[in-house]
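Each chain is listed here by its residues.
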Amino acid sequence: MNYFLALLFVLNLSPEKNDLGLKLELGKTYSQTYVSRIDIAQTINGIEQEQKMEIKGGMDFRVIQSLEDRYIMSTSYTSLIMKMNSFMGETTFSSENNEENLLSKILKDMKGKEFTVEMYKNGVIRQIKDIENLYSGIFESFPEVPQLQKQQIFSQLESAYGEKAFKGNIEMITAIFPDSKVKVGEHWNNSVKLESGMSGLINNTFTLSKFDKENVIVEGVSKIVTEDKEAYVDVNGMPVKYNLSGTMKSTFKLDPISNWILEGTVEQEISGNVEIKDNPNIPGGMVIPMIMIHNMIIGQ
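Residues numbered from 1 in each chain as written. Predicted model: local features only at pLDDT ≥ 70, side-chain atom pairs only at ≥ 80, totals over all residues. Heavy atoms only, no water.

Attention now goes to the overall build of the protein. Each helix and strand counted, the protein has four helices and 13 strands in total. Each of the three principal axes of the protein carries a C-alpha extent, and together these read 85 × 45 × 30 Å. Put simply, the protein has 300 residues, and 40% of those count as buried. Sequence-distant contacts, at least 24 apart, represent 58% of the contacts inside the protein between residues at least 6 apart. (Helix = DSSP H or I, 4+ residues; strand = E, 2+ residues; numbered from the N terminus. Buried < 20%, exposed > 50% of the residue type's maximum accessible area, 1.4 Å probe, protein only. Contact = heavy atoms within 4.5 Å.)

This is the structure in structure tokens:
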């Protein structure tokens, strides 16, 4: 066998490269559920405090336009539930019951409102339109709520569900695909920007661990860093800056036909300091050491 034939023989035995880009069907709705559990330990004035949060939700993505390199999807929440547990006690807000508290009513009102997500086939979001529909008119049924409280609630909703927050939170579990075909065992890299509260970067390395007719498995290891450690952001009217870093591990099971995520787990551990600048509410400022552990389960 000459060298050329031997090379062809070796190439034919090489593992096949696979296209992992999204392959969504026009008119079809793709669903996703998530359960996030967040444990925060922080030290304030020498006193250790713990806070636990559980955030559950469901989303529908209906493909309304299929382009060469991306999809345009009509998107809406199917459920929104938040549970918080701190030294002050446990509080639950939910779109799924008839509780009389204001935030539960607001979450219920946000449910089902549509906005548009334009997503590339590698899972990166190109743009989001009309996300303000989520909380437009939410106070029309609550004329008794003071204007200052309305502004505070609106600011919190925008921070949690606004365009920048939504883009970072969704890309953390959708922007997992390579820009070219890959074979089992091959790696690729990307970065996702977070802008909910802290402005940070998640630098990812993904690996195609398994690919067959029944299972497509992608695994990731990531590093999380504050993008600008000197930048202050406004938090409840106070200037705050973050110096945090951490790691993340993720595993995703994809549908073999569409590559839509069927199941997934994400584990984050982040630590560092949060610094509150001198202000009338906290004269002299404050540095708060913090550790945050975040576990997420993704399903359909």
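That shown, we press on.
A separate point is the packing of aromatic side chains. Tallied over the full model, the rule gives five aromatic pairs. Among the aromatic side chains, those forming a connected cluster through ring pairs are Y30, F61 and W260. The residue whose ring lies beneath K277 is Y232, and the NZ or CZ to ring-centre distance is 5.1 Å. (Phe/Tyr/Trp six-rings, centres within 6.5 Å; stacked < 30°, edge-to-face > 60°. Lys NZ or Arg CZ within 6 Å of the ring centre and 35° of its normal.)

Burial in helix α2 (residues 102-110) covers these residues: L102, S104, I106, L107 and M110. Where the residues of α2 are buried, they touch β3 (70-86), β4 (89-94) and α3 (147-161). G112 lies just past α2 and shows a positive phi near 85°.

Evaluated as defined, the whole model comprises 14 salt bridges. Its salt-bridge partner being E171, residue K167 comes within 3.1 Å of it at the nearest N-O pair. Of this pair, K167 and E171 both sit in helix α4 (residues 163-174), four residues apart, which is roughly one turn of that helix. One network of salt bridges, with partners in common, ties together D69, R70, E118 and R126. (Salt bridge = Lys/Arg side-chain N within 4 Å of Asp/Glu carboxyl O.)

With 93% of its residues at a pLDDT of 70 or more, the protein has an overall mean of 88. Across the protein, strand β5 (residues 115-120) holds the top mean pLDDT of 97, while helix α1 (residues 3-13) sits lowest at 48. In this model residues 7-14 is a low-confidence stretch, pLDDT under 50, and it forms zero contacts with partners more than four residues away in sequence or in other chains. (pLDDT = per-residue confidence, 0-100.)

A word on the pairing of strand β1 (residues 29-44). Two strands pair when backbone bridges link them, and β1 and strand β2 (residues 47-66) are joined in this way by 16 bridges, in the antiparallel orientation. Within the sheet, the bridge partner assigned to T33 lies in β2 and is G58. Pairing analysis gives 10 bridges linking β1 to strand β13 (residues 286-299), with the strands arranged antiparallel. From the neighbouring strand, Q42 faces β13, where its bridge partner is M290. (Pairing = 2+ DSSP bridges.)

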